[in-house]
Amino acid sequence: MIETGLTYSQEITVEPKDTAAVYGSGKQDVFATPAMIALMENTALKCIENELESGKDSVGIEINAKHIKATAVGRKVSCKATVMEVDGRRIRFELEARDESGTIGTAIHDRFIIDPVKFMSKL
């Protein structure tokens, strides 16, 4: 059962593949906003994956993110997800990404619990 207050953290090292120049979201060789958002969603996914009923999964349905500070290639970035609210099948997370010098981004993210077979049959 997923409860408020559940947390999960993970850490990556920014690689050249993670830069705005590679993502096409900018021209600088710094941690890309889309890469930060992907890390945030993945952290939220991992936060609840072991709490889901057998055969269930979750999909991201909304994210409101702020990328407030650049991070250079080679720096470590950690991300923490905290379950803020559980409303039926919708789970709301608070997310924070940090590098060695402090917070680089924050977000509120919603995921929805799904049955993968039913979900894929609707495509």
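Residues numbered from 1 in each chain as written. Predicted model: local features only at pLDDT ≥ 70, side-chain atom pairs only at ≥ 80, totals over all residues. Heavy atoms only, no water.

### Some remarks on the overall build of the protein
Going by this rule: Strands are runs of DSSP state E lasting at least 2 residues, helices are runs of H or I lasting at least 4, and numbering of each runs from the N terminus. As a reference, a globule follows 2.2 Å times the number of residues to the power 0.38, and the radius of gyration itself is taken over C-alpha atoms. Burial here depends on accessible area, computed with a 1.4 Å probe over protein chains only, as a share of the maximum for the residue type. Under 20% is buried, over 50% is exposed, and the range in between is partly exposed. Residue contacts are defined here by distance: any two heavy atoms, one from each residue, within 4.5 Å place the two residues in contact.
Each helix and strand counted, the protein has 3 helices and 5 strands in total. For the protein, the α and β elements follow one another from N to C terminus as β-α-α-β-β-β-β-α. Over its C-alpha trace the protein gives a radius of gyration of 15 Å, about what one expects of a compact globule, namely 14 Å for 123 residues. Projecting the C-alpha coordinates of the protein onto the three principal axes gives extents of approximately 40 × 35 × 20 Å. Counting every position in the protein, which comprises 123 residues, the buried fraction comes to 32%. Within the protein, contacts between residues at least 6 apart in sequence are counted, and of these 65% link residues at least 24 apart.

### What about the state of the cysteines?
Note: disulfide means a covalent bond formed between the sulfur atoms of two cysteine side chains. For clarity, the cut-off: Note that a disulfide, as used here, is simply two cysteine sulfur atoms within 2.5 Å.
By the definition in use, this model includes 0 disulfides. You can see Cys47 has no disulfide; the closest cysteine sulfur is in Cys79, sitting 10 Å from it. Taking relative accessible area as the criterion, Cys47 reaches 6% and is therefore assigned buried.

### A word on the environment of Thr4
In this fold, Thr4 is placed in the segment before strand S1 (7–13). It is 7.6 Å that separates the C-alpha atoms of Thr4 and Thr82, two residues lying 78 residues apart in sequence.

### Here's the deal with a positive patch on the surface
Spelled out, the test is: Patch criteria: residues need more than 30% relative accessible area and no salt bridge. Like-charged residues are merged within 9 Å; nonpolar side chains of Val, Leu, Ile, Met, Phe, Trp and Tyr are merged within 5 Å. Using the Shrake-Rupley algorithm and a 1.4 Å probe, accessible areas are obtained, with residue cover drawn only from the displayed protein chains. Each reported salt bridge corresponds to a side-chain nitrogen of Lys or Arg within 4 Å of a carboxyl oxygen of Asp or Glu. Charged residues are defined narrowly, with Lys and Arg counted positive, Asp and Glu counted negative, and His plus the chain ends left uncounted. Each charge is placed at NZ for Lys, CZ for Arg, CG for Asp and CD for Glu.
Taken together, the side chains of Lys56, Arg89, Lys118 and Lys122 define a basic patch exposed on the protein surface. Position of Lys122 relative to the elements: it lies in the segment after helix H3 (116–121). Among the residues examined, Lys122 registers a relative accessible area of 70% and is labelled exposed.

### Describing the nonpolar core
Filter applied, for reference: The term nonpolar core refers to a set of buried residues drawn from Ala, Val, Leu, Ile, Met, Phe, Trp, Tyr and Cys, joined through side-chain atoms within 4.5 Å.
Phe31, Ile48, Phe93 and Leu95 are the most contacted members of the largest nonpolar core, which has 24 residues in total. At the level of secondary structure, the elements contributing two or more residues to this core comprise helix H2 (33–49), strand S3 (76–87), strand S4 (90–99) and strand S5 (102–114). If sequence neighbours within four positions are ignored, Phe93 has contacts with Ala44, Cys47, Ile48, Ala81, Thr82, Val83, Met84, Ala107, Ile108, His109 and Arg111.

### Some details on the environment of Val22
As for its placement among the helices and strands, Val22 is situated in helix H1 (residues 20–23). The exposed category is assigned to Val22, whose relative accessible area is 55%. Ignoring sequence-local partners within four residues, the contact set of Val22 consists of Pro16 and Lys17.

### Considering the sheet that holds S5
To summarise the sheet geometry, strands pair through backbone hydrogen bonds and adopt either a parallel or an antiparallel arrangement. Applicable threshold: Here the rule is simple: two strands pair whenever DSSP picks up at least two bridges between them. Here an axis means a line fitted to C-alpha atoms, over the contact stretch when the element is a helix, while the angle between two N-to-C directions is reported on a 0 to 180 degree scale.
If you walk across this open sheet you meet the 5 strands as S1-S3-S4-S5-S2, and the pairing is antiparallel. Edge strands, defined here as strands with exactly one partner in the open sheet, are S1 and strand S2 (57–67). Averaged over neighbouring strand pairs, the angle between their axes works out to 25 degrees when direction is ignored. Taken together, the 7 bridges between S1 and S3 define a ladder with antiparallel strand orientation. What sits directly across from Glu11, in S3, is Ser78. In this fold H2 packs onto S1, S2, S3, S4 and S5, with an angle of close to 140 degrees to the strand it touches most, S2.

Functional significance is not addressed by these values, which are geometric in nature.
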